[in-house]
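One letter stands for each residue in the lines below.
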Amino acid sequence: MNASFNYNFIKINEIGDETIQRKAVTLANITFISLVLLIISAIIFYYTTYNVAGHACLGSIASLVLVGFIFRYNHSINLATNLYTLTAFTLFSIILITSGGIHSSWLYWFTTVPISAYYLTVNHQMKHGIFWTFACLIIYFIAYYLDAQGIQVETHYPKKWASTIKFLFALAFFVYVVSIILINDLQPRFKLTQVLSQKPSLGETKYKDKARLFELERENRATKTHQQMIWIAIIVLPFFPDYFFAPAIWQQLFTLRMVVIAYFLLLIFAQRKLRIRSIFVAYASIIPLSVFLSYASASVPTQNLFIYNLNYSALFIVAALYVLMHWGHFVAIIFISGLLYSVFFIVIQDINFFVVVEKGALLLFTVALASIGLAWYRFTTFKKEFFLRYALGESNEKLSKQNVALETQQQQILQQKEKLEEKNTHITASISYAQRIQQAILPPIKDIQAALPDSFILFRPRDIVSGDFYWFKEIDDKIFISAVDCTGHGVPGAFMSMIGNELLHKIVTDFGITEVDQILGKLNESVRKALQQDETNNRDGMDMTMVGIHKQTSAIEFAGAKNPIYYVQNGEMHQIKGDKTPIGGMKIKRQDTYTKHLIDVSQPTTFYLFSDGFQDQFGGPNNKRFMTKQFRELLLSIHSQPMDTQKQLLEQALEDWMQEEEQLDDILVIGVRCS
């Protein structure tokens, strides 16, 4: 709702103090929405012949307009706030007593929320907020008692549509007030000392009292998480559909929900202003909610009991997630809640034990036990984390003391540097040896060129060993050649390349699979099985292209896993995309088969297989990626050259592009010309 007119009316822009300006915005919001609701309410009350309530609305409208004028001319925030509070309380009392009981008071009962919340956020006077809230609650309970006894100031009852409209505006008012509370600066004025984040100095005994520091850390964290839990309850409680599950008492349950919400709001502000310990807040928030849920469960019809037991179970789960305290306290809370649940069922409803179990009590009991375990796990995990950070802090303190004697430590640093260089030399030597192993498993270039004379392989690992590899096999009248790009580069990629190379040989040689699409499908299955990817979180895989060349026919087969093939015929570049499914990797909904494509090579054809390293390389005048389009244009421009010349031109183009940039990834390009 746009209240910019109201802001201009009270001249908020003329306020120099930022704090008062922020408070004035809150006052303007509440006043504006109150005026709108009062006008609508006055019409409803006059229509339903509640004249006293209607007169009270008109008087309150005049009073709130007066609030605006007072603030407009003197910017006295305290005077305006006091006038608003007194008006709201008086209106609440008159309307509640004279409008036919609880149903007519829904709209005005919510004034307890802005009274307490506004006083706490604007005036920061906790005692005043508590006073007005309890005064409103007393009036409310008096009206409730009079309505229950059939004692009414006026005998008329509101029509159904009027009660419904008032209920809807009550809900809108509540949501609006909660929004105001959320968007304003409601951070607690006190903050626990963040002792662990401070840099320790010599002579301090900060880390000697571990138990005290742990309790400070736990209290600070618990204060925040407990408030989050209470806010969740405040947001969820109004929207539970009691009307459908307990139509006979839904109004009573909704009223009790609003009482619980008002109590929670008061509890939040009490914790922030009075510095109430989190353990007391936990008991003071969960136990009253357990009382309400136990009463609701025992009061609803038996056929709908399961829904309320499920609602009760949600309380235990949320509490276990947000309540940070020793799990023994949580056991006590569960025990008290179970006792309350049993007492309410015994007193309110005489129901068979087995019926209660059937309607969700067993589920509730199971969730309660599980939540105890969850609370225990959360507390112990937090404790372990704290003491690990504590140990790290002690180590840092010792290190800072050691740094005082820098001259003495320089020699140690030099010695450590020499050791690191020695280790680095050993590691580099080991990786170089691994390179020889990797090269040994790659097919010899001379064998490839013996089978495919017009071909080249540009293979340029980023590190010593590579995650890219090329694979070649000649069986009978068919020649297979493949370019494979494994996850990662360096040592991890090299391990994957060795796995892929071995599996490809096994699939073709041992299993006798010679169709390129079936080879990729079997490789995908074998990689997932070898790395146990269905049982673990391993996500390593491969992108690849494979070509099968028939010696006796004028066609070649192609299948790809994510990567495409480029081929040139009659001076035109063509592309066949690979399937979107990689080899191995993350388990997602996808096809498990690959597509076989046939390329007619009855006319001279040059095709290229490659990884993504060349296209992804940074460089050039603007330090950008080489990109796929430029890579295709480069291949098209050199395709008519001899294959050795093509390799040299590709290497030269790469060097010219990289300039001073480091190589980003492994690079592999295979070119083959078929006549």
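Refer to the structure above for everything that follows.
To keep things clear, this report deals only with the structure shown in the data block. All of these numbers come straight from a predicted model, not from anything done at the bench.

## Topic: the pattern of salt bridges
So, point 1. Under the counting rule described, the total for this entry stands at 11 salt bridges.
So, point 2. Of the charged contacts in the structure, one is a salt bridge between arginine 277 and glutamate 215, with a shortest N-O distance of 3.6 Å. In this pair, arginine 277 sits in the loop between α11 (250-274) and α12 (278-299) while glutamate 215 sits in helix α9 (residues 210-236), placing the two residues 62 residues apart along the sequence.
So, point 3. We classify arginine 277 as partly exposed; its relative accessible area is 42%.
So, point 4. Here lysine 596 ties to glutamate 515 by a salt bridge, and the two come within 2.6 Å at their closest N and O atoms. In this pair, lysine 596 sits in the loop between β8 (583-584) and β9 (597-600) while glutamate 515 sits in the loop between α18 (490-510) and α19 (516-530), placing the two residues 81 residues apart along the sequence.
So, point 5. Lysine 596 gets classed as partly exposed once you look at its relative accessible area, which sits at 34%.
So, point 6. With relative accessibility at 23%, the residue glutamate 515 sits in the partly exposed group.
So, point 7. What emerges from the salt-bridge pattern is a single network uniting Glu215, Arg218, Glu219 and Arg277.

## What about the environment of proline 492?
So, point 1. Note that proline 492 resides in helix α18.
So, point 2. On the basis of relative accessibility, which here comes to 56%, the residue proline 492 falls in the exposed class.
So, point 3. For the pair proline 492 and valine 465, spaced 27 residues apart in the sequence, the C-alpha separation amounts to 9.2 Å.

## A word on the packing of aromatic side chains
So, point 1. In this structure the tally under the stated criterion is 16 aromatic pairs.
So, point 2. Seen from their ring centres, tyrosine 566 and phenylalanine 610 are 4.8 Å apart, and the 45° between their planes marks the pair as tilted. Within this pair, whereas tyrosine 566 is found in strand β6 (residues 565-569), its partner phenylalanine 610 is found in strand β10 (residues 605-610), the two being separated by 44 residues in sequence. Phenylalanine 610 carries the same exposure label as tyrosine 566, and that label is buried.

## Looking at the packing of α11 against α12
So, point 1. Contact pair α11 / α12: the axes reach a minimum separation of 11 Å and the direction vectors enclose 180°. Between α11 and α12, the angle is such that the two are roughly antiparallel. Mapping the contact onto sequence places Gln252, Leu253, Leu256, Arg257, Val260, Tyr263, Phe264, Leu267 and Gln271 in α11 and Ser278, Val281, Ala284, Ser285, Pro288, Leu289, Phe292, Tyr295 and Ala296 in α12.
So, point 2. Per-class residue counts for the contact of α11 with α12 are 13 nonpolar, four polar and one charged.

## Topic: the packing of α9 against α12
So, point 1. For the pair α9 and α12, interaxial distance at closest approach is 9 Å and the crossing angle is 20°. On the basis of their axis angle, the class for α9 and α12 is roughly parallel. The element α9 and its partner α12 pack so that their crossing is left-handed. Counted together, Arg218, Glu219, Ala222, Thr223, His226, Met229, Ile230 and Ala233 of α9 and Ser278, Val281, Ala282, Ser285, Ile286 and Leu289 of α12 form the full contact between these two elements.
So, point 2. Broken down by class, the residue content of the contact of α9 with α12 amounts to eight nonpolar, four polar and two charged.

## Some details on α19
So, point 1. The end-to-end C-alpha distance of α19 is 21 Å, a good match for the 21 Å that 15 residues give at a rise of 1.5 Å each.
So, point 2. Three or more residues of α19 are buried, namely Val516, Asp517, Ile519, Leu520, Gly521, Leu523, Asn524, Ser526, Val527 and Arg528.
So, point 3. At the exit of α19 stands glutamine 532, carrying a positive phi of roughly 50°.

## Section: unusual backbone geometry
So, point 1. Positive phi is not limited to glycine here, since asparagine 570 has a value of about 55°.
So, point 2. Along the polypeptide, asparagine 570 turns up in the loop between β6 and β7 (572-576).

## As for the sheet that holds strand β13 (residues 667-674)
So, point 1. Pairing is antiparallel in the open sheet, where five strands are placed in the order β1-β13-β10-β6-β7. Across the chains shown, the open sheet's two edge strands, defined by having one partner strand only, are β1 (455-460) and β7. On average, each strand axis in the sheet is inclined to that of its neighbour by 15°, with strand direction left out of account.
So, point 2. Summarising the sheet, β1 and β13 pair through six bridges and their orientation is antiparallel. Pairing of phenylalanine 459 across the sheet is with leucine 668, part of β13.
So, point 3. In the packing of helix α21 (residues 643-658) onto the sheet, the strands contacted are β1, β10 and β13, and the crossing angle to β1 comes to about 25°.

## Digging into the side chain of aspartate 468
So, point 1. For aspartate 468, the position within the fold is in strand β2 (residues 468-475).
So, point 2. No salt bridge is formed by the buried aspartate 468; its nearest oppositely charged neighbour, arginine 462, is found at 11 Å.
So, point 3. Side chain to side chain, aspartate 468 and serine 611 meet in a polar contact 2.7 Å long.
So, point 4. Those residues within four positions of aspartate 468 in sequence are excluded, and the remaining contacts are Gln438, Phe459, Val484, Asp485, Cys486, Ser611, Asp666, Ile667 and Leu668.

Conventions we followed
Residues numbered from 1 in each chain as written. Predicted model: local features only at pLDDT ≥ 70, side-chain atom pairs only at ≥ 80, totals over all residues. Heavy atoms only, no water. Salt bridge = Lys/Arg side-chain N within 4 Å of Asp/Glu carboxyl O. Helix = DSSP H or I, 4+ residues; strand = E, 2+ residues; numbered from the N terminus. Buried < 20%, exposed > 50% of the residue type's maximum accessible area, 1.4 Å probe, protein only. Phe/Tyr/Trp six-rings, centres within 6.5 Å; stacked < 30°, edge-to-face > 60°. Axes fitted to C-alpha atoms, helices over the stretch in contact; angles between N-to-C directions. Parallel < 35°, antiparallel > 145°, perpendicular 65-115°, else oblique. Contact = heavy atoms within 4.5 Å. Nonpolar A, V, L, I, M, F, W, Y, C, P; charged D, E, K, R; others polar. Left-handed = near helix turned anticlockwise from the far one by under 90°. Expected span 1.5 Å × (residues − 1). Pairing = 2+ DSSP bridges. Lys, Arg positive; Asp, Glu negative; His and termini not counted. Polar contact = N/O pair within 3.5 Å; in protein donor to acceptor, adjacent residues only side chain to side chain.

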